[in-house]
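# Notes for the structure review
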Amino acid sequence: MQETEFNPGQRVNSAGDPRRIGSVRYIGPVQGYSGTWVGVDWDNGDSKHDGSINGVRYFQANSQRSGSFVRPQNLSSGISLLEALQLRYRGDSTKEEEDEMYVLSASNKRVSIQLVGKDKIQDKLSRFEELTGASLSFLGVSSPGVACDLTTSLPNLKELDLTGNLLSDWKDVGTICKELPNLAALNLSYNAMAQDIVGLPQLKNIRVLVLNCTGINWEKLEILKHSFPELEELHLMGNNISIIQPQSPLTVQGFDSLRLLNLEDNCIADWNEILKLSLLRSLEQLHLNKNKLNHIFYPDDDKIHELARGCELYEKSDKPFQYLRCLLLGGNNIEDLVSIDSLNLFPNLVDVRLSENPIADPGSGGIPRFVLIARLAKVEILNGSEISRRERKDSEIRYVRLVMSKLQGNSEDIQRLHPRFAELKNFYGIEDEKLSSGAVGPQKMASGLLSITLKCVGASIGEKPPLTKKLPGTTTVGKLKILCESFFKLKSMKLKLFLEEEGSPLPLLLDDDMASLMDLGVGNKSTILVDEESCQ
């Protein structure tokens, strides 16, 4: 059998295409074909088979069509980091890159363009000793190269992006970090890093470590943390993490400088796993978007005592998530109001993301933005949008009026279902509005009027100036549709109405004709969009 430079488990890319990456799973003959073949399981899953051909299995691929057999000369075992630097910053533009530099003419034809100052920029980037940041993503880097050459070539490098390369050995990572004394941020995303973590020295210079889609679970991270004692940011997206496995009995310790932890796009379903992170002393930002969480809560005294057991540095004055300011929970399965209300118990939480959860989707029975704002007393940024003083005031008043219009029951039930209701009602001096059985006087009627701006947005309606009308809060959606037909002189049109809300990317559809404006929490000076119902 012909010898090759490849070994089972080795990371390779297709010769001439460093973005097509896979792992060697087989080396040897293939029945019915001459010579030596290399069986590769490709990362992108786009290939020919599952490791078997003509009924003979040679290896087991990750999916039914992620495997293929390739001649050794059509594979690359990669290049060194310095070779990649030469290629990226001193090489000429490729034909593919030049082809992308164009604009479309009036006749829709491509016209090639050249960047002004491109030569000056290229010249500066080619002086490696001046580089403070380098991006070597998807270039087939498999080794650091000669260690001393890194030190002399890149003395000022602070940020290094090695996304999508062929690195796997942690010894190589250690060499790169050791030989670059000013390196503070390292991105190893989409490198299939070895599960056996050996030969990694202490790397106190690294402050930001990005390990997205590297196959690293929390158990391995507990080993890695000793080599990165000064980490301030740690990114672990897309690693199929479902459990947090601390070395101590219940809580994660160490990471004393960690301010940001990114666990987005993983498989965490139980909030108790997240509570294992609650005693990290410096944690300010926790990113949990796109997991499988369906309920969250702030730990009570018994739970805190349980979490603190075995935590060497815990003091009685310490609180769970004591310094957490930002909690991103978008794209989970949260659907209960208790979870929302529990966010008020986090001592310093001001930035929250709840979008793409059932509870925050009014179209699926969730609550609108103004209710979220009213229930979250301390939040300053919701779903990436800052809450102005005016929006908070308007939201809280709307919320109180909404609760007053819907709730009937004793004060204990109201307090349980709406913990902030009484507080807000008193704060804004809102009195109970009970209509007498007799005729309603003009003054009472006027006090219940809402100033509503109506805007026509339907293309078929035509251009019509907005109208501002004073309407009773008891006006139903169905009644408002009839009024809009009159206001805008619309005949034989089936209308639909939307409430435009500050800070919300999309207006809220008002689809219940029997609900009143007060029922829906429509406040004074609100804007309602008028559109025509589309034909099905």
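Quick notes on the rules
Residues numbered from 1 in each chain as written. Predicted model: local features only at pLDDT ≥ 70, side-chain atom pairs only at ≥ 80, totals over all residues. Heavy atoms only, no water. Pairing = 2+ DSSP bridges. Helix = DSSP H or I, 4+ residues; strand = E, 2+ residues; numbered from the N terminus. Salt bridge = Lys/Arg side-chain N within 4 Å of Asp/Glu carboxyl O. Buried < 20%, exposed > 50% of the residue type's maximum accessible area, 1.4 Å probe, protein only. Expected span 1.5 Å × (residues − 1). Contact = heavy atoms within 4.5 Å. pLDDT = per-residue confidence, 0-100. Axes fitted to C-alpha atoms, helices over the stretch in contact; angles between N-to-C directions. Phe/Tyr/Trp six-rings, centres within 6.5 Å; stacked < 30°, edge-to-face > 60°. Polar contact = N/O pair within 3.5 Å; in protein donor to acceptor, adjacent residues only side chain to side chain. Core = buried A, V, L, I, M, F, W, Y, C linked by side-chain atoms within 4.5 Å.

Let us look at the pairing of strand S2 (residues 17-30). Here strand S1 (residues 11-14) pairs with S2 via 4 bridges, running antiparallel. Each bridged residue has a counterpart across the sheet, and for Asn13 the counterpart in S2 is Ile21. Where S1 folds back on S2, the antiparallel hairpin that results is connected by 2 residues, among which Gly16 adopts a positive phi of roughly 90°. Note that S2 and strand S3 (residues 33-42) share 7 bridges and pair antiparallel. Paired with Val24 across the bridge in S3 is Val40.

Turning to the pattern of salt bridges, a few remarks are in order. Taken as a whole and judged by the stated rule, the model has 16 salt bridges. The residue Arg390 makes a salt bridge to Asp394 at a minimum N-O spacing of 3.6 Å. Residue Arg390 and its partner Asp394 are located together in helix H11 (residues 389-406), separated by 4 residues, close to a single helical turn. On the basis of relative accessibility, which here comes to 31%, the residue Asp394 falls in the partly exposed class. The shortest N-O distance in the salt bridge between Arg392 and Glu396 comes to 2.8 Å. Of this pair, Arg392 and Glu396 both sit in helix H11, separated by 4 residues, roughly a single helical turn. Just as Arg392 is buried, Glu396 falls in that class too. Bridged by salt links that share partners, the residues Arg392, Glu396, Arg420 and Glu423 form one connected network.

A few words now on the sheet that holds S3. In spatial order, the strands read S6-S3-S2-S1-S7; together these 5 strands make up an open sheet with antiparallel pairing. The two strands at the open ends of the sheet, each matched to only one other strand, are strand S6 (67-70) and strand S7 (75-76).

Here we come to H11. Every α-helix carries 3.6 residues per turn, so stepping three or four residues along brings you back to the same face. Helix length check: H11, at 18 residues, gives a terminal C-alpha distance of 26 Å against a target of 26 Å (1.5 Å per residue), a fit within 8%. Turning to H11, its buried residues are Glu391, Arg392, Ser395, Glu396, Arg398, Tyr399, Val400, Leu402 and Val403. Against helix H10 (369-375), strand S22 (385-386), helix H13 (421-427) and strand S25 (495-500) lie the buried residues of H11.

Looking at the chain, the pLDDT average stands at 87 and 88% of residues meet or exceed 70. Considering only residues more than four positions removed or in separate chains, one finds that residues 434-447, a stretch of pLDDT under 50, has 2 contacts.

We now examine the pairing of S25. Among the 6 residues in S25, 5 count as buried, and that is most of the element. One ladder, built from 6 bridges, connects S25 with strand S27 (residues 526-532); its direction is antiparallel. Within S27, the residue paired with Phe498 across the bridge is Leu529. In the sheet, S25 pairs with strand S26 (residues 508-510) via 3 bridges, with the strands oriented antiparallel. Looking at the pairing, Leu499 lines up with Leu508 of S26.

Okay, the sheet that holds strand S20 (residues 351-353) next. Strand order in the open sheet made by the 11 strands is S11-S13-S14-S15-S16-S17-S18-S19-S20-S21-S22, with mixed pairing throughout. Looking at strand neighbours, the two that pair on one side only are strand S11 (133-135) and S22, the edges of this open sheet. Note: strand S14 (residues 185-187) against strand S15 (residues 208-210), 3 bridges, orientation parallel. For Ala185, the partnering residue across the bridge sits in S15 and is Val208. Relative to the sheet, helix H1 (residues 81-90) contacts S11 and strand S13 (159-161), its axis offset from that of S11 by approximately 90°.

Looking at the element boundaries, Leu349 is found in the loop between helix H9 (337-342) and S20. Residue class for Leu349 comes out buried when judged on its relative accessible area of 1%. Expressed as a C-alpha distance, the spacing of Leu349 and Val379, which sit 30 residues apart in the sequence, is 6.6 Å. Discounting chain neighbours no more than four positions away, the residues touching Leu349 are Leu324, Arg325, Cys326, Leu327, Leu343, Lys378 and Val379.

On to the packing of aromatic side chains, then. Applying the stated criterion across every chain yields a total of 10 aromatic pairs. Residues Tyr26 and Phe69 carry aromatic rings whose centres are separated by 6.1 Å and whose planes lie at 85° to one another, so their mutual orientation is edge-to-face. Of this pair, Tyr26 sits in strand S2 while Phe69 sits in strand S6, and the two are 43 residues apart along the sequence. On the basis of relative accessible area, Tyr26 is assigned to the buried category, the value being 18%. Taking the relative accessible area as the measure of exposure, Phe69 reaches 14% and is therefore buried.

Every buried residue belonging to helix H5 (residues 170-179) is among Trp170, Asp172, Val173, Gly174, Ile176 and Cys177, and all of these are buried. Looking at the buried positions of H5, the neighbouring elements they touch are H1, strand S12 (141-143), helix H4 (147-153), S13, S14 and helix H6 (218-224). The opening residue of H5, the one whose side-chain oxygen lies 2.9 Å from the backbone nitrogen of Lys171, is Asp169.

Counting residues in hydrophobic clusters, the biggest one holds 91 residues, and the most contacted among them are Leu160 and Trp271. Secondary-structure elements contributing two or more residues to this core are H1, H5, H6, helix H7 (271-275), H10, H11 and H13. Setting aside chain neighbours within four positions, we find Trp271 in contact with Leu288, Leu293, His295, Ile296, Phe297, Phe321, Leu327, Leu329 and Phe346. One finds Leu454, Leu499, Val522 and Val530 within the second-largest nonpolar core, a separate group that totals 21 residues.

So, about the environment of Lys158. The topology assignment puts Lys158 in the loop between H4 and S13. Between the alpha carbons of Lys158 and Pro181 there is a distance of 8.5 Å; along the sequence they are 23 residues apart. In contact with Lys158, other than residues within four places in its own chain, are Thr132, Asn182, Leu183, Ala184 and Ala185.

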